[in-house]
Amino acid sequence: MNNDKKATTAKKAAAGPMVNWGNYQPGAFYDELISSPGNARAVARGVVNAIGKFSEKQLASKQRAAEQAIQEMGISFTVYSEGENIDRSWPMDIIPRIIPMKEWRKVEQGLIQRLTALNMFINDVYNEQNIIKDGIFPASIIESSKDFLKPCMGIKPIHGVWAHICGSDLVRDKDGTIYVLEDNLRVPSGVSYMLENRAVTKRVLPQLFSKHNILPVDDYPSQLYDMLASLSPRKVQNPEVVVLTPGIHNSAYFEHAYLAQRMGAELVEGGDLVVGDDDCVYMKTIAGLERVDVIYRRVNDDFLDPEVFRPDSCLGVPGLFRAWKAGKVSLANAPGAGVADDKVVYTYVPQIIKYYLDEEPILPNVPSYLCVNDEHREYVLANIESMVVKPANESGGYGMLVGPASSKEECNKFRELIKKNPRNYMAQPTLSLSTAPTLCGGKIEPRHLDLRPFILQGEKHYVTAGGLTRVALRKGSLVVNSSQGGGSKDTWIIDTESE
Amino acid sequence: MLARVAERLYWFARYVERTENTARLLLVQHQLVLDLPAAIQPGWGVMIDVLGAGEDFARSKLKPTEKNVVAFVFGDKSNPGSIMSCITYARENIRTTREVMPSELWERINSLYLSLVQRARSDLPRSNRHAVLNDVIQRCQQITGLLSGCMNHDDAYQFIVLGRNLERADMSTRIIDVGSAQLLGDDDETQPYRNALWISVLKSLSAYQMYRLNVRRNVKSHDVLAFLLHSAVFPRAVAHTLHEIQNCCVNLPNHKAALAVAKSSREHLLQVDLAGLRGDALHQFIDDIQLNLDQIHQQAAQTWFRIQAA
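We now turn to the structure provided with this report. (Residues numbered from 1 in each chain as written. Chains lettered and ligands numbered in written order. Predicted model: local features only at pLDDT ≥ 70, side-chain atom pairs only at ≥ 80, totals over all residues. Heavy atoms only, no water.)

So, the overall build of chain B
Consideration 1: Helix and strand content of chain B: 14 helices and 0 strands.
Consideration 2: Counting from the amino terminus, helix and strand elements in chain B follow one another as α-α-α-α-α-α-α-α-α-α-α-α-α-α.
Consideration 3: In terms of overall dimensions, chain B has C-alpha extents of about 60 × 50 × 40 Å along its principal axes.
Consideration 4: Each of the 310 residues in chain B was classed as buried or not, and the buried ones make up 53%.
Consideration 5: Within chain B, counting contacts between residues at least 6 apart in sequence, those at least 24 apart form 66% of the total.
Consideration 6: Surface exposure of chain B reaches about 13,700 Å², of which carbon and sulfur atoms provide 48%. (Helix = DSSP H or I, 4+ residues; strand = E, 2+ residues; numbered from the N terminus. Buried < 20%, exposed > 50% of the residue type's maximum accessible area, 1.4 Å probe, protein only. Contact = heavy atoms within 4.5 Å. Areas by Shrake-Rupley, 256 points an atom, 1.4 Å probe, with all protein chains shown as cover.)

What follows is the structure, given as structure tokens:
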């Protein structure tokens, strides 16, 4: 008895200091797990207590176990640097980000509402253009949009849906409000990492799962397959669904292969497909040509079909656009869907929802100022130091100004740029992104994060349970991109009511 | 299955097999050099001939010394037939077909590749040559075993077996060709050592022990030729590889033309009276077999890899 006690004490001493939540300082930001020093939010209490029973060493060894699992499972992403592609292990923090189911149900409704309206908008823009005729939306924005594809005019895809897979970026501000930062309607990526993060957490922290009702995420590939199959132009039992990838050198190749494998679909490259004289798409198999019904394409519009878009592209399939236009094959997402992905169109989403659905938006937009509007421009020029300025027609954070992080010269430079070409710029107040406890150098510290859920629309809608949480691993940083030192977290939607 | 995937698996298998064969060839040459008196040692240039790398080697403007040839055949990336190059190609082919293969395969091929990247920096000195080459051979065998034991023996597997056997047949005929050119002549100087040289030919194909078990006689030139060309039981004998190739064809769709070429190649091989073949006639015969192997490859490519639009 006495010896046992001694042994336990010795073991504890060897394990080093325990995790102490009292030292965790969320500061002025909204923290997803901790409401004030030492106090967990109700939904996170179980996880926070369980982690509090680990020593710091134990927690660090679990983080290492997760990293090893990621390596063994081959979860990687590709970084381009000086002409060489490097496969890096996917960075994941083991402490999950938690959202109560009640709150999530509302977010889900908001996302479905948003995508439904955006698809009606795209379909309208390429057909009757009622929203323009009714004076709600200016024609000039469409005409100057890089992502508006004239060849798509007059086309009505199955179910009237253009953006079948959407990844919307959500952020939470100081007061706890969740905003939509942007909608990715072209070829959004990241969903495979959401699935793999869950698989890794199950491996390294299985004990946390028994205590909670965590909504599962792993039905996404079958939901994706069902949605894609619902787009088949041929009414057959098992339509041929394929994933079209630009190839191994694309940064998201891991995801393309992963999703194809999980759906049991062929992973094809442009050279594997051919369009026949009958306008049907065929893939080249060892038994000859086989008709393809639905293409989940992960190739950008520009490269899709050298006959219609960039003639120098060898990633696409000559004649693919013709086949799509003839209704012989479905493309997800449809070419031209990116027209609603424009940062200026984004500012109109509340009006778009109202116009098509006659509903108030459930999820708010981040307040945005269009520099082409005189009143807005004056406001931006006066407050540029506290704002984020974005070029309207670009994606991926190129040519941005983050006011609070910039020098006086940089702010003045952007003032000039805005005056010179106001259509090209929009601005938003700098949000105080929420934080969550993250393991940094052996200690738990708050780090900023966002969330990318994935929304599917075909015959029906589907929203992932949570999504991919991206976290800025550098202290104080708001940049969550994995190529720039960002990490990720497993995201848990917890049902507290049925517990 | 996709034609492109089939083609990549086929080449993957060829490159792994080529790696193993090349490593064994280097190893045997290394041991032979230790065995024979300097005067009759086969020059290192023979390696280059067997591998058909004469043009590439000439371009490097190097002398065929031991050091140069070993470095060229082992780690030289500018030589497309080097062990380093073969494994690089094998890895590239499998990278894009990972989703149809057992996941351990990628780990094995990747770790073999990484170990070679490390080792290719040295020119493989005699002191650790045996250990390194043996390791390469073993890892290749591990990959072959993994696929045989852990992968569905479906269409994808047929393309792997097809590639492996064509590559085996190719290497066996090359070794026989060069070996017999050296050994069937009337050069008196090599007379006392002919046995050792024939044994080394057998060893290059991992065939010595199997030969003894099967033939049960001392090593004689025409017995060796018969064993390496006609044996129905030794997996590296050309007749055996052609039999395997026929089996693969039968399992694949639209196989009529490919099967016919494989069948007639095997018949051609088995009909010949080996005892009557000497010198130029033997060389010519081996050339014919090589041509047949190429025809099988061309027919396979046309049937299964190069699918044309209707």
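Once you've had a look at it, read on.
Considerations on the packing of aromatic side chains
All names here are of chain A.
Consideration 1: Following the criterion strictly, the structure yields 25 aromatic pairs over all chains and no others.
Consideration 2: Taking the centre distance of 5.0 Å and the plane angle of 55 degrees together, the rings of Phe209 and Trp492 count as tilted. Here Phe209 is found in helix α8 (residues 206–209), whereas its partner Trp492 is found in strand β24 (residues 486–494), with 283 residues between them in sequence.
Consideration 3: Taking relative accessible area as the criterion, Trp492 reaches 0% and is therefore assigned buried. (Phe/Tyr/Trp six-rings, centres within 6.5 Å; stacked < 30°, edge-to-face > 60°.)

Description of the interface of chain B and chain A
Consideration 1: Chain B puts 22 residues into the contact, and the matching count from chain A is 20 residues.
Consideration 2: For the pair chain B and chain A, the summed buried surface comes to about 1,800 Å²; carbon and sulfur atoms form 54% of the total.
Consideration 3: By the criterion of area lost to chain A, the three top residues of chain B are Leu2, Glu99 and Ile307 of chain B, representing 34% of everything that side buries.
Consideration 4: Applying the counting criterion to the chain B and chain A interface returns 3 salt bridges.
Consideration 5: The interface formed by chain B and chain A contains 7 residue pairs in polar contact (both at pLDDT 80 or more).
Consideration 6: Mapped by element, the contributors of at least two residues to the side of chain B that touches chain A are α1 (3–35), α8 (155–183) and α14 (279–305) of chain B.
Consideration 7: Looking at which element gives the most residues to the side of chain B that touches chain A, the answer is α1 of chain B, with 4 residues.
Consideration 8: Here the side of chain B that touches chain A is composed, by residue class, of 11 nonpolar, 4 polar and 7 charged. (Buried area = accessible area lost by both parts, 1.4 Å probe. Salt bridge = Lys/Arg side-chain N within 4 Å of Asp/Glu carboxyl O. Polar contact = N/O pair within 3.5 Å; in protein donor to acceptor, adjacent residues only side chain to side chain. Nonpolar A, V, L, I, M, F, W, Y, C, P; charged D, E, K, R; others polar.)

A few points about the pattern of salt bridges
Consideration 1: In total, this model carries 44 salt bridges over all chains according to the counting rule given.
Consideration 2: Between Glu255 of chain A and Arg298 of chain A there is a salt bridge, with its nearest N and O atoms 3.1 Å apart. Taken together, the residues span a long stretch of sequence, with Glu255 of chain A in helix α10 (residues 253–263) and Arg298 of chain A in the loop between β13 (294–297) and α11 (301–304) at a distance of 43 residues.
Consideration 3: With relative accessibility at 0%, the residue Glu255 of chain A sits in the buried group.
Consideration 4: In this structure, the salt-bridge partner of Asp135 of chain B is Arg139 of chain B, at a minimum N-O distance of 3.0 Å. Note that Asp135 of chain B and Arg139 of chain B are positioned in helix α7 (residues 126–150) at a spacing of 4 residues, about one turn of the helix.

Remarks on the environment of Trp21 of chain A
All names here are of chain A.
Consideration 1: Inspection of the secondary structure assignment puts Trp21 in the loop between α1 (2–15) and β1 (34–36).
Consideration 2: You can call Trp21 buried: its relative accessible area is 10%.
Consideration 3: Along the chain, Trp21 and Pro37 lie 16 residues apart, while their C-alpha atoms are 7.2 Å from each other.
Consideration 4: Residue contacts for Trp21: discarding those within four places in its chain leaves Ile34, Gly38, Val48, Ile51, Gly52, Pro437 and Ile444.

A few points about the pairing of strand β21 (residues 454–457) of chain A
All names here are of chain A.
Consideration 1: The side-chain alternation of β21 yields two buried faces, one formed by Phe454 and Leu456 and the other by Ile455 and Gln457.
Consideration 2: The pairing of strand β6 (residues 165–172) with β21 spans 3 bridges and is classified as antiparallel. The residue of β21 that forms the bridge with Ile165 is Leu456.
Consideration 3: Bridge count for β21 against strand β22 (residues 461–463) is 3 bridges, and the pairing is antiparallel. Within β22, the position partnered with Gln457 by the bridge is His461.
Consideration 4: Here β21 folds back onto β22, and the loop between the two strands holds 3 residues. (Pairing = 2+ DSSP bridges.)

Topic: the sheet that holds strand β15 (residues 369–370) of chain A
All names here are of chain A.
Consideration 1: Read from one edge to the other, the open sheet built from 4 strands follows the order β15-β18-β16-β17, with strand pairing classed as antiparallel. Either end of the sheet is taken by a strand with one partner, and the two such strands are β15 and β17 (401–402).
Consideration 2: Strand direction decides the pairing type here: strand β16 (residues 387–391) and β17, joined by 2 bridges, are antiparallel. Across the sheet, Val388 pairs through a bridge with Val402, a residue of β17.

As far as function goes, none of this settles anything; it's purely spatial.
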